[in-house]
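Working through the structure, step by step
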Amino acid sequence: MHPNRRGAASGRLRHRLASVAIASIALVAGACGATGPSPSASPSATPSATASAAPTNVVDPKTVYAAIEEQVVGIRGLDPKAPVEPKVLDEAGIKKYVADSFAKDNPKDVIDANERLLKAFGLLPEDASLSKLYVDLLGSQVAGLYSPDDKSLYVVSRSGNLGPAEKTTFAHEFTHALQDQNFDLGALKLDEIGSADRSLGRLALVEGDAVLSQSAWQTQFLSQAEIFQLLAQSANDPSSAQLLSMPAVLRDTLLFPYTTGLTFVSTLQGGGGWAAVDEAYRKPPASTEQIIHPEKYDTAEAPIGVKLPSDLAKRMGSGWKVALEDSFGEFQLGVWLRGNTTIGAGVANQAAAGWGGDRVVVVHGPNGAWGVALRTVWDTVRDAAEFEAAALPLVAALGSPAALLPGPGGPERWVVIGSDDAALNSLAGALGLAG
């Protein structure tokens, strides 16, 4: 990511297109069944009894990959435009790749601004390191990745074998290569400055497509013994515990493109076949709201444009600067509201569902002072009131001075947070919210 024209940084940390190990493996349970090829082991056999039955490294890997490519092309219906040669990484290799790529793609000021934003909203503990958590999370969960920048495809083999997990990963990542060759993934602007919510929505299209393609491949081409092996691996995978231990905002954001994205793409594919999925690349989602509610994608319900003062840093006074300006979106607001455990996840999701648009800003000032402001606009006055009711306990419980303010009222609500009372009052005044 790069600084934008106003000196603010994009809110979404940049990463390659990856397949998540827990999603790639666990989804096989629902994706595969009696429709698969003839089993090589008894259906009544237990995973532990059949885990060693799946063949590994019985043929040249290039032959295996070439066969999977042909199979995925047949499923997805996209013609390859250029050869793709997978590179295999072991566990140490993927961790180094993730760490190096994260440091290269995300300058320190971007990480610091994102960290401040998440800590201000109570989404990260104050003593947490966002960069360490993010690298640890991806290093443990990524089973493979495709980089549109250099057209490289990586498969992670933690066992050293070419088993069903590695085959599944290749099917997923090869789908990304086909997407890139046919639709130009760069044109989706997945890392465009200031458009984090839209970027996450479009990433959900890309990853949901790859998961659906991968799942269809699993159903048709994995033997029952290989399915049992995947299930056994999933049940005994220590990375699952690490994923569950992560802050919800990191865990849920990592999984959203694969899980909710799969539901979104399945809805498209179920209604119009793969042609409808292809069309979505020409008319990509505008928000996570459209992913969560596919009917809003169908009706092209676009986010409401929300603006913040272009001269906010000047209004704040000498020594202040805008460190980040971006969008939360329905998904991330939902993650935050679900932290209000007194109302339950269903009520929190409903409170986020009336989202119309938002803009969030982080400002840094002299002597370590900082401020965060979130301006939200809702579809209706009732939606704004539902958000306020769900958010008030969270605002009251934040570790820094904070206020939930009506602004001009109606369908609008603001959340303003400061490092201290002076910073809070200064930011509210600069935004015209004081008094």
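What counts as what
Along each chain, the written sequence defines residue order, and numbers are assigned to residues from 1. Whole-chain, interface and lining totals are the exception, using all residues; otherwise, since this is a predicted model, local features are given only for residues with pLDDT of at least 70 and side-chain atom pairs are given and counted only at 80 or more. Note: side-chain values were computed over all heavy atoms of the structure, leaving out hydrogens and water. The secondary structure listing takes helices from DSSP runs of H or I that are at least 4 residues long and strands from runs of E that are at least 2 residues long, numbered from the N terminus. Each residue is placed in one exposure class: buried if its accessible area under a 1.4 Å probe, protein chains only, is under 20% of its type's maximum, exposed if it is over 50%, and partly exposed if it falls in between. Residue contacts follow a heavy-atom distance rule, with two residues in contact if any of their heavy atoms lie within 4.5 Å. The method behind every accessible area is Shrake-Rupley, applied with a 1.4 Å probe, and residues are considered shielded solely by the protein chains displayed. Pairing between two strands requires that DSSP report at least two bridges joining them. The pLDDT value expresses, per residue, how confident the predictor is, ranging between 0 and 100. Residues grouped as a nonpolar core are buried Ala, Val, Leu, Ile, Met, Phe, Trp, Tyr and Cys residues, joined through side-chain atoms within 4.5 Å. To obtain an axis, a line is fitted to C-alpha atoms, over the contacting stretch when the element is a helix, and the angle between two such axes runs from 0 to 180 degrees between their N-to-C directions. An angle counts as roughly parallel when it lies under 35 degrees, as roughly antiparallel when it exceeds 145, as roughly perpendicular when it falls between 65 and 115, and as oblique in every other case. Salt bridges are identified by distance alone: a Lys or Arg side-chain nitrogen within 4 Å of an Asp or Glu carboxyl oxygen. Paired rings are identified among Phe, Tyr and Trp, the last through its six-membered ring, by centres lying within 6.5 Å, and are further divided according to the angle between planes into stacked (under 30 degrees), edge-to-face (over 60) and tilted (the rest). Multiply 1.5 Å by the residue count of a helix minus one, and that product is the helix's expected span.

Let's shift gears to the overall build of the chain. Helix and strand counts for the chain stand at 19 helices and nine strands. In the chain, which comprises 435 residues, the proportion classed as buried is 55%. For the chain, long-range pairs separated by at least 24 residues make up 75% of all intrachain contacts whose partners lie at least 6 apart in sequence. Looking at the chain as shown, the accessible area adds up to about 17600 Å², and 54% of this sits on carbon and sulfur atoms.

Taken across its six residues, strand β3 (residues 142-147) has six buried, putting it largely inside the fold. Here four bridges tie β3 to strand β4 (residues 152-156), and the two strands are oriented antiparallel to one another. Residue pairing for β4: L145 is matched across the bridge by Y154.

Take the confidence of the model for the chain next. The predicted coordinates of low-pLDDT regions are not to be read in fine detail. Across the chain, the average pLDDT comes to 87, with 86% of residues at 70 or higher. Overall, residues 1-11 carries pLDDT values under 50, and its contacts beyond four positions in sequence, including any with other chains, amount to 39 contacts. Note that residues 22-57 has pLDDT below 50 and, in this model, 64 contacts with residues that lie over four places away or in other chains.

Another point: the nonpolar core. Core analysis: the biggest nonpolar cluster contains 104 residues, and F121, F174, W336, L337, V372 and V415 have the highest contact counts within it. When residues of this core are assigned to their parent elements, the largest contribution, 14 residues, is made by helix α12 (residues 248-282). Those residues in contact with L337 that sit more than four places away from it in its chain are I343, A348, A351, A352, F387, A390, A391 and L394. Membership of the second largest hydrophobic core comes to 18 residues, among which are A369, W414, A423 and A430.

For the rest of this paragraph, the subject is the packing of helix α16 (residues 329-337) against helix α18 (residues 381-397). Running from N to C, α16 and α18 point in directions that differ by 55 degrees, and their axes come no closer than 10 Å. The angle between the axes of α16 and α18 places the two elements in the oblique class. Residue-level contacts link L333, W336 and L337 of α16 to F387, A390, A391, L394 and V395 of α18.

Let us look at unusual backbone geometry. Positive phi is not limited to glycine here, since K189 has a value of about 55 degrees. Take K189: its relative accessible area is 45%, and that puts it in the partly exposed class. With phi around 55 degrees, A300 is a residue other than glycine that occupies positive phi space.

Take the pattern of salt bridges next. Under the counting rule described, the total for this entry stands at 22 salt bridges. Where R375 meets E412, a salt bridge forms, and the shortest distance between an N and an O atom there is 3.1 Å. Here R375, found in strand β7 (residues 370-378), pairs with E412, found in strand β9 (residues 412-418); they are 37 residues apart in sequence, far enough to count as distant. Classification of E412 as buried rests on a relative accessible area of 8%. R382 serves as the salt-bridge partner of E386, at 3.7 Å between the closest nitrogen and oxygen. Of this pair, E386 and R382 both sit in helix α18, four residues apart, roughly one helical turn. Here R382 falls in the exposed class, since its relative accessible area comes to 65%. The network of salt bridges with shared partners includes E289, K296, E301 and D379.

Further remarks concern the environment of W370. Here W370 lies in strand β7. Overall, the relative accessible area of 8% leaves W370 in the buried class. With 57 residues separating them along the chain, W370 and L427 place their C-alpha atoms 9.1 Å apart. If near-sequence neighbours (up to four positions away) are discounted, W370 is found in contact with R116, A120, W320, V363, H364, S400, I417, G418, S419 and A423.

What follows is about the packing of aromatic side chains. Summed over all chains, the structure comprises twelve aromatic pairs. Centroid distance Y65 to F170: 4.6 Å. Interplanar angle 45 degrees. Geometry classified as tilted. Within this pair, whereas Y65 is found in helix α4 (residues 61-76), its partner F170 is found in helix α8 (residues 164-183), the two being separated by 105 residues in sequence. This pair shows no difference in class: Y65 is buried, exactly as F170 is. For the pair F183 and Y281, a centre-to-centre distance of 4.4 Å together with 5 degrees between the ring planes defines the contact as stacked. In this pair, F183 sits in helix α8 while Y281 sits in helix α12, placing the two residues 98 residues apart along the sequence. Relative accessible area serves as the criterion here: at 17%, F183 is assigned to the buried category. Each residue in the set F121, F328, W336, W378 and F387 is aromatic and connected to the rest through ring pairs, giving one cluster.

Moving on, we come to α4. One full turn of an α-helix is made of 3.6 residues, so residues set three or four places apart face in the same direction. For α4, with 16 residues, the first-to-last C-alpha span of 22 Å sits near the 22 Å given by 1.5 Å per residue. Buried residues along α4 sit against β2 (86-89), β4, α8, α9 (196-221) and α12. At the exit of α4 stands G77, carrying a positive phi of roughly 75 degrees.

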